[in-house]
Amino acid sequence: KTAINVSNILDVARHIWEHRGSGLFSLSRENALLRFLLETPNAIDIEVDSRRQLDSQLKYTCELLIEQQVAQLTGEMSNFLKRAYSVLAAPGVRLTDQSFAYASFVKDIVSNAHRLLCIALGRSSNSNRSDVGKHSVPSNLRKALHIYLANPDTESILLRRIQSGVLLQWRSMYQLLTDHYSDEDRMIIGCPTESQIRLLFQDIWIH
């Protein structure tokens, strides 16, 4: 890669400033102004580590893909959890008193998130697909990755990272419900355990 080096011009300009007013218009070789006018920038070659740049870009893209897939596969759960923990940060506040956190509303969030995951993993779901809500229905995750990557090792690495992110969301949801909802409310919501969600990923690694 070629770049322009203007450091020599900057040095001369700095010299002019430091010695302004002293023989500025003389024709000697020491005339800083004359040197500045005659000085030209140098072209220098810079070695660029293309492999490192490519690896960095690939890592960023993969992290972005994982983040987007986890968000898509968990529906509104992430937003609900953020909102819930924000409310709970205030002392003396009961989560179940908040309209967005009523058991009936949380049931819909959990049900839709579970349905999205089942569809993406090619699993059956007891819920009707037409009631997924405003989220787009994800295609079969393994199949989509295979079409675009066609590399089993890379596919498995990405799938495991996506699985970890999804499980973390469900673990957080289940813990929140355990800590702040009654047994009756939890029965209404019907949130699966982390182990039950993990079972949905079973055999997905097999081609």
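Bear in mind that the values here come from a model prediction, so they are computed numbers and not experimental data.

Trainee: Could you clarify how one ought to interpret the packing of aromatic side chains in this entry?
Mentor: Describing an aromatic ring pair means giving the distance of the ring centres and the angle of the ring planes. Tallied over the full model, the rule gives two aromatic pairs. Ring centres of Phe80 and Phe100 lie 5.9 Å apart, and the angle between their planes is 65°; this geometry places the pair in the edge-to-face category. Here Phe100 lies in the loop between helix H4 (77–88) and helix H5 (103–120) and Phe80 lies in helix H4, a separation of 20 residues in the sequence. By relative accessible area, Phe100 is classed as buried at 14%. Note on Tyr102 and Phe105: the rings are 6.0 Å apart at their centroids and 25° apart in plane angle, and the pair reads as stacked. For Phe105, a relative accessible area of 42% puts it in the partly exposed group.

Trainee: What should I look at first to understand the confidence of the model for the protein chain in this one?
Mentor: Predicted coordinates in areas of low pLDDT are best not read in detail. Per-residue pLDDT for the protein chain has a mean of 76; in total, 64% of the residues score no lower than 70. Mean pLDDT values over the elements of the protein chain span from 48, in helix H2 (residues 32–38), up to 96, in helix H8 (residues 183–189). Low pLDDT (under 50) marks residues 23–29, which in the prediction has 10 contacts with non-local residues, meaning those over four places away or in another chain. Confidence drops under a pLDDT of 50 for residues 127–137, and excluding neighbours within four residues, the segment shows 20 contacts in the predicted structure.

Trainee: Please explain the packing of H5 against helix H7 (residues 152–180) as it appears in this structure.
Mentor: How two helices pack is summed up by the angle between their axes together with the distance between the axes. Closest axis-to-axis distance for the H5/H7 pair is 13 Å, and the angle between their directions is 160°. On the basis of the axis angle, H5 is roughly antiparallel to H7. Note on packing geometry: the crossing formed by H5 with H7 is left-handed. Along its contact with H5, which presents Val106, Ile109, Val110, Ala113, His114 and Leu117, the element H7 presents Val166, Trp170, Met173 and Leu177. Here the residues of the contact of H5 with H7 are counted per class, giving nine nonpolar, one polar and no charged.

Trainee: Before we go on, may I ask you to explain the pattern of salt bridges in this structure?
Mentor: Where side chains of opposite charge bring their charged atoms close, a pairing between them can arise. Counted by the stated rule, this structure contains five salt bridges. Here Asp97 makes a salt bridge to Arg94, at a shortest N to O gap of 3.2 Å. You can call Asp97 partly exposed: its relative accessible area is 48%. Note that Glu194 is salt-bridged to Arg198, the shortest N-O span being 2.9 Å. Remark: Arg198 and Glu194 occur in helix H9 (residues 194–200); sequence separation between them is four residues, near one turn of the helix. The exposure class of Arg198 is partly exposed, given its relative accessible area of 40%. The network of salt bridges with common partners includes Arg171, Glu194 and Arg198.

Trainee: Can you walk me through the nonpolar core in this structure?
Mentor: One recurring pattern in soluble globular proteins is that nonpolar side chains are buried together. In this structure, Phe80, Leu117, Val166, Trp170 and Met173 are the most contacted members of the largest nonpolar core, which totals 37 residues. Among the elements of the structure, helix H3 (50–73), H4, H5, helix H6 (141–149), H7 and H9 are those that each provide at least two residues to this core. In terms of residue count, the dominant contributor to this core is H7 (nine residues). Not counting residues up to four positions away in its chain, the partners in contact with Val166 are Val70, Leu73, Thr74, Leu117, Ile197 and Phe201.

The rules behind these values
- Residues numbered from 1 in each chain as written.
- Predicted model: local features only at pLDDT ≥ 70, side-chain atom pairs only at ≥ 80, totals over all residues.
- Heavy atoms only, no water.
- Phe/Tyr/Trp six-rings, centres within 6.5 Å; stacked < 30°, edge-to-face > 60°.
- Helix = DSSP H or I, 4+ residues; strand = E, 2+ residues; numbered from the N terminus.
- Buried < 20%, exposed > 50% of the residue type's maximum accessible area, 1.4 Å probe, protein only.
- pLDDT = per-residue confidence, 0-100.
- Contact = heavy atoms within 4.5 Å.
- Axes fitted to C-alpha atoms, helices over the stretch in contact; angles between N-to-C directions.
- Parallel < 35°, antiparallel > 145°, perpendicular 65-115°, else oblique.
- Left-handed = near helix turned anticlockwise from the far one by under 90°.
- Nonpolar A, V, L, I, M, F, W, Y, C, P; charged D, E, K, R; others polar.
- Salt bridge = Lys/Arg side-chain N within 4 Å of Asp/Glu carboxyl O.
- Core = buried A, V, L, I, M, F, W, Y, C linked by side-chain atoms within 4.5 Å.

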